[in-house]
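The lines below spell out each chain.
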Amino acid sequence: MVLSDRTIKEELKAGHIIVEPLAERAVQPASVDVHLDNRILVFRNSLRPYIDVRQDVSDLTEMMEIADDKPFILHPGEFVLGSTLENIGIPNDLVARLEGKSSLGRLGLLIHSTAGYVDPGWRGHLTLELSNVAKLPITLYYKMRIGQLSFLRLTTPVDNPYGSAALGSKYQGQTGPTASKIHKAYKG
């Protein structure tokens, strides 16, 4: 079942769900709004002829910062990695779904390609997969509302939460936009 605003507030107050900082009016009827942090990972596509999923690709990205008073311009067809301003913590008996804000989607801004699922036990800032599918550039501002998290209760707490030694979780505790670490799945 999806948690209502009342239950979300109870879970936040009890410290079971962590959303820090929690903005005023962030709790919606069945979700919590999240905001864009000021760091963006931009891809430098000219360094390699292709992306090999078995190789570390961290050299393909460059960190940029969004100034407080100036937007980052996301051009049509461009793909960058951003991050939530909020540090998120999910208890072992919930999962979260990250979705874009409808008003931004109507402009052509997508905030995730496939990373909309947040596992039980997750701790850290969520990496956003930002794409512009419109025909005009879209401005991104530091601290703008960028998405929303809804929460679903599991039938039981999980045996191996995200971040447990049994899973080898690659992104637990990340503090900003993080490039793919899929190559680690291919290492001995």
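Structural data are supplied above this passage.
These numbers come from a predicted model, not from an experiment. (Residues numbered from 1 in each chain as written. Predicted model: local features only at pLDDT ≥ 70, side-chain atom pairs only at ≥ 80, totals over all residues. Heavy atoms only, no water.)

**As for the packing of aromatic side chains**
Okay, so step 1: A complete count under the given rule lists 2 aromatic pairs for this structure.
Okay, so step 2: Relative to tyrosine 162, the ring of tryptophan 122 has its centre 5.5 Å away and its plane inclined at 50°; by these criteria the two rings are tilted. Taken together, the positions of tryptophan 122 in the loop between strand 10 (117–118) and strand 11 (123–124) and tyrosine 162 in the segment after strand 14 (145–153) put the pair 40 residues apart, joining distant regions of the chain. Taken individually, tryptophan 122 and tyrosine 162 each receive the classification buried, so the pair is uniform in this respect. (Phe/Tyr/Trp six-rings, centres within 6.5 Å; stacked < 30°, edge-to-face > 60°. Helix = DSSP H or I, 4+ residues; strand = E, 2+ residues; numbered from the N terminus. Buried < 20%, exposed > 50% of the residue type's maximum accessible area, 1.4 Å probe, protein only.)

**Notes on the environment of alanine 115**
Okay, so step 1: Checked against the element boundaries, alanine 115 lands in the loop between strand 9 (109–110) and strand 10.
Okay, so step 2: The class of alanine 115 is partly exposed, set by a relative accessible area of 32%.
Okay, so step 3: Separated by 16 residues in the primary sequence, alanine 115 and serine 131 have C-alpha atoms spaced 13 Å apart.
Okay, so step 4: When sequence neighbours within four positions are dropped, the list of residues in contact with alanine 115 reads Leu98 and Glu129. (Contact = heavy atoms within 4.5 Å.)

**Examining the pattern of salt bridges**
Okay, so step 1: According to the stated counting rule, one finds 6 salt bridges in the structure shown.
Okay, so step 2: Close ionic contact of aspartate 33 with lysine 101 constitutes a salt bridge, the shortest N to O distance being 2.8 Å. Pair noted here: aspartate 33 is in strand 2 (residues 32–35) and lysine 101 is in the loop between strand 8 (94–100) and helix 2 (102–105), with a separation of 68 residues, a long-range link. In this structure, aspartate 33 and lysine 101 share a single accessibility class: buried.
Okay, so step 3: Of the charged contacts in the structure, one is a salt bridge between aspartate 37 and arginine 39, with a shortest N-O distance of 3.7 Å.
Okay, so step 4: By relative accessible area, aspartate 37 is classed as buried at 8%.
Okay, so step 5: Connected via shared salt-bridge partners are Glu11, Asp93 and Arg153. (Salt bridge = Lys/Arg side-chain N within 4 Å of Asp/Glu carboxyl O.)

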